[in-house]
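If you want the building blocks of each chain, they are given just below.
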Amino acid sequence: MLKIAVCDDEESTRQYLKHVIRRALHVQADLFASGEELLKADREYDILFLDICLNPLKDSCERSRAGERCKLDGMETARRLKSRASGADTILIFITAMSEYVYDAYDVEAFHYLLKPVNEVKLIEVIQKAAAKANGKKVAAPLVIKVNGAYRNVLKEDIYYAESSGRKIILHTKAGDFSYYEKMEELEQKLGDGFFRSHRGYLVHLKEVASYDRTGITLKSGELVFLAKQKYNDFVAAYMRYLMR
């Protein structure tokens, strides 16, 4: 799932962007009111919508237009963000009322520069283009397992489900079944989002779910995976979140 943030000192702008992003991509955006807040959070984002005039003072925009830069404006925030490993690959989209800094945006490799008031049709177009670029660079690392003394790469997308068998894991994939030594808890941690521990002995890929009831999950392949009764409500919640991504 894409990680997106909005950094703007106007509450109305933050909420507007959050609404449009959710409608365009079905994801939630983290909101920040200042460059200081954004940098302090030190989180890794795929896409950042950033205002140039960032200052809690009411006269900040007037001061900027008069030639005095804000204490930590959007350009400086972008430079500091880009200097960090966590922000080096972030796609920057500037949204501002100040057209005079459009050329400065190239210095921080901005993806786009939108002027307020933002045309919603254009905004959605830019959001979708940025998402396509971000998804293009996000390649999930394969799962590396040791089968019969040889290491094998398994793409997470190719996994149907995993089951425990004694001290081993049986990994059911598009390329076949692979048995190897690992704890289910460790595998669950490695696979992360998109997988659900439906039973102490089963870990299912949510994209492979065809149907379910209180006793089991039927996969698109027709196989049945156990679903513990106490896990039912958590599974439904996790599956609904997955479908809404």
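These figures come from a predicted structure and were not determined experimentally.

Draft legend 1. Looking closely at helix H1 (residues 11–25). With 15 residues, H1 extends 21 Å between its outermost C-alpha atoms, agreeing within 8% with the 21 Å of an ideal straight helix rising 1.5 Å per residue. For H1, the complete set of buried residues consists of Thr13, Arg14, Leu17, Val20, Ile21, Ala24 and Leu25. End-on view of H1: buried residues confined to an arc of 140°, all on one side of the axis. After H1 finishes, the residue His26 shows a positive phi value of roughly 60°.

Draft legend 2. Spatial organisation of helix H7 (residues 232–243). Helix length check: H7, at 12 residues, gives a terminal C-alpha distance of 16 Å against a target of 16 Å (1.5 Å per residue), a fit within 8%. Residues Tyr232, Phe235, Ala238, Tyr239 and Tyr242 constitute the buried set of H7. For H7, the angular spread of the buried residues around the axis is 130°, confining them to a single face. Facing away from the buried side of H7, by more than 90 degrees, are the exposed residues Asn233 and Arg241. If you follow the buried residues of H7, they end up packed against strand S11 (195–199), strand S13 (209–212) and strand S14 (216–219).

Draft legend 3. Examining a nonpolar patch on the surface more closely. Taken together, Met240, Leu243 and Met244 make up a surface patch of nonpolar side chains, about 320 Å² in accessible area. Secondary-structure assignment places Met240 in helix H7. Exposure remark for Met240: the relative accessible area of 35% places this residue in the partly exposed category.

Draft legend 4. Layout of the pairing of strand S6 (residues 143–147). Burial along S6 is one-sided: the residues Leu143, Ile145 and Val147 are buried and none of Val144 and Lys146 is. Sheet topology note: the S6/strand S7 (residues 150–154) ladder contains five bridges and is antiparallel. Across the sheet, the residue bridging to Leu143 is Val154, located in S7. The loop that links S6 with its antiparallel partner S7 comprises two residues; one of these, Asn148, has a positive phi angle of about 55°.

Draft legend 5. Seen up close, the sheet that holds strand S3 (residues 47–50). In space, the five strands of this open sheet follow the order S2-S1-S3-S4-S5, with parallel pairing throughout. Each end of this open sheet is capped by a strand with a single partner; those strands are strand S2 (29–32) and strand S5 (112–115). Averaged over all pairs of adjacent strands, the angle between strand axes in this sheet comes to 20°, irrespective of strand direction. As paired strands, strand S1 (residues 4–7) and S3 are joined by four bridges and run parallel to one another. Directly across from Cys7, in S3, lies its bridge partner Leu50. The strands that helix H4 (residues 74–82) touches are S3 and strand S4 (91–96); relative to S4, the one it contacts most, it runs at about 170°.

Draft legend 6. Looking closely at the confidence of the model for the chain. Residues of the chain with pLDDT of at least 70 account for 87%, and the chain-wide mean is 86. Across the chain, the secondary-structure element scoring lowest on mean pLDDT is helix H3 (residues 60–65), at 46, and the one scoring highest is strand S12 (residues 202–205), at 97. This stretch, residues 56–70, has a pLDDT under 50; its non-local contacts, to residues over four places away or in other chains, come to 22 contacts.

Draft legend 7. Fine view of the sheet that holds strand S9 (residues 168–173). With antiparallel pairing, the five strands of this open sheet are ordered in space as S10-S9-S8-S12-S11. In this open sheet, the two edge strands, each paired with only one partner strand, are strand S10 (176–181) and S11. On average, adjacent strands in this sheet sit at an angle of 20° to one another, irrespective of strand direction. Pairing of S11 with S12 involves three bridges; the strand directions are antiparallel. Counted as the bridge partner of His199 is Tyr202 from S12.

Draft legend 8. Broad picture of the pairing of S14. Sheet topology note: the S13/S14 ladder contains three bridges and is antiparallel. Bridge pairing links Tyr212 to Ile217 in S14. Here S13 hands over to S14 after three residues, the two strands then running antiparallel side by side. Direction of pairing for S14 relative to strand S15 (residues 224–226): antiparallel, over a ladder of three bridges. The partner of Ile217 across the bridge, within S15, is Val225. Linking two consecutive strands that pair antiparallel, namely S14 and S15, is a turn of four residues; a positive phi of about 95° is found at Gly222 within it.

Definitions and cut-offs
Residues numbered from 1 in each chain as written. Predicted model: local features only at pLDDT ≥ 70, side-chain atom pairs only at ≥ 80, totals over all residues. Heavy atoms only, no water. Helix = DSSP H or I, 4+ residues; strand = E, 2+ residues; numbered from the N terminus. Expected span 1.5 Å × (residues − 1). Buried < 20%, exposed > 50% of the residue type's maximum accessible area, 1.4 Å probe, protein only. Arc of directions from axis to C-beta. Contact = heavy atoms within 4.5 Å. Patch = residues over 30% accessible without salt bridge, like charges linked within 9 Å, V, L, I, M, F, W, Y side chains within 5 Å. Areas by Shrake-Rupley, 256 points an atom, 1.4 Å probe, with all protein chains shown as cover. Salt bridge = Lys/Arg side-chain N within 4 Å of Asp/Glu carboxyl O. Pairing = 2+ DSSP bridges. Axes fitted to C-alpha atoms, helices over the stretch in contact; angles between N-to-C directions. pLDDT = per-residue confidence, 0-100.

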